[in-house]
Amino acid sequence: MKILVPVKRVIDYNVKIRVKPDDTGVETANVKMSMNPFDEIAIEEALRLREAGTASEIIAVSIGVQQCQETIRTALAMGADRGIHVVTDADVEPLAVAKMLNAVVGKEGPQLVILGKQAIDDDSNQTGQMLAALLGWSQATFASKIEIGDGTADVTREVDGGLETIQVALPAIVTTDLRLNEPRYASLPNIMKAKKKPIDPTTPEELGVDITPRLEVLEVVEPPKRQEGVKVADAAELIDKLRNEAKVI
């Protein structure tokens, strides 16, 4: 089985996000970038499936600027076999990403695509579902456990009421939740080996995909700062403030 794992380059989760002075977006210049944490979980799950003898090849694919190769190299250092880089300087929306992944799937022919359920930069949670719709494949979102059978996959999903287990036919799209696994650290020998693994470059034009934006960002602003709390002398004053100032009772 061949598994395709899309990985996204995002601002590192430890970095405090800063809005640009002109409110057109967030500041990315001279900011530490890393692989989207949910995509790390997706890579780890693909590696575990290969170690279990289920998967034969793992391909990491990333879409974006030239520096996305660093993200692919991270996936290769974790254990992926090769990478594909769709090179573009444009800000691509989830639908455009899904269309490009659809084209890559058509060329590579994987039996399973594992994605993070969302990226921590825009939190759209759309690409996996859109890709499944474009391909006409089964989909299982928010996976916390994956078991591959004979032509099927049993996926335990996290839902509002707890957990549910569904069976989907392969080929399929699976999006990962936090509790699926804990990603491994890349060892130094694997980091060195990753430098020799191939990364095939391509472009949206070569894939035949129009990435023209369909949405316009009008303004990006920081959330309002939390106001300082106040101390009250007794319960009566607290009730008075809740009733007359906060309007909650």
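Look up a bit, the structure's there.
Everything numeric in this text was worked out from a predicted model, so none of it was measured.

Rules used throughout
- Residues numbered from 1 in each chain as written.
- Predicted model: local features only at pLDDT ≥ 70, side-chain atom pairs only at ≥ 80, totals over all residues.
- Heavy atoms only, no water.
- Buried < 20%, exposed > 50% of the residue type's maximum accessible area, 1.4 Å probe, protein only.
- Helix = DSSP H or I, 4+ residues; strand = E, 2+ residues; numbered from the N terminus.
- Arc of directions from axis to C-beta.
- Contact = heavy atoms within 4.5 Å.
- Pairing = 2+ DSSP bridges.
- Axes fitted to C-alpha atoms, helices over the stretch in contact; angles between N-to-C directions.
- Core = buried A, V, L, I, M, F, W, Y, C linked by side-chain atoms within 4.5 Å.

Caption draft 1: Looking closely at helix α4 (residues 127–135). Within α4 the residues assigned to the buried category are Gly128, Leu131, Ala132 and Leu135. Taken around the axis of α4, the buried residues stretch over an arc of 100 degrees, which confines them to a single face. On its buried side, α4 packs onto α3 (94–108), β6 (112–116), β7 (138–148) and β10 (172–176). Positive backbone phi, at 75 degrees, marks Gly136, one or two positions downstream of α4.

Caption draft 2: Focus on unusual backbone geometry. Put simply, Leu170 and Pro171 share a cis peptide bond, and its omega is 5 degrees. Here Pro171 shows up in the loop between β9 (162–169) and β10. Of note, Asn125 is a non-glycine position whose phi angle comes to about 55 degrees, a positive value. Since its relative accessible area comes to 23%, Asn125 is described here as partly exposed. With a phi angle near 55 degrees, Phe142 is a residue other than glycine that sits in the positive phi range. Mapped onto the secondary structure, Phe142 falls in strand β7.

Caption draft 3: Just the sheet that holds strand β1 (residues 2–6), in detail. One open sheet holds the nine strands; their spatial order is β9-β8-β7-β10-β6-β1-β4-β5-β11, and the pairing between them is mixed. The sheet is open, and its two borders are formed by β9 and β11 (199–202), each paired with just one other strand. Taken over all neighbouring pairs, the strand axes of this sheet differ in orientation by 35 degrees on average, direction set aside. The pairing of β1 with strand β4 (residues 57–64) spans five bridges and is parallel. Of the residues in β4, the one forming a bridge with Val5 is Ala60. Contacts between α4 and the sheet are confined to β6, β7 and β10, with β10 contributing the most and set at about 180 degrees to the helix.

Caption draft 4: Broad picture of the nonpolar core. Residues Ile3, Val5, Ile43, Leu112, Ile114 and Val174 are the most contacted members of the largest nonpolar core, which totals 32 residues. Those elements that provide at least two residues to this core are β1, α1 (37–51), β4, α2 (68–78), β6, β7, β8 (152–159) and β10. For Val5, the residues in contact, after removing those within four places along its chain, are Asp39, Ala42, Ile43, Ala46, Ile58, Ile59, Ala60, Val61 and Ile114.

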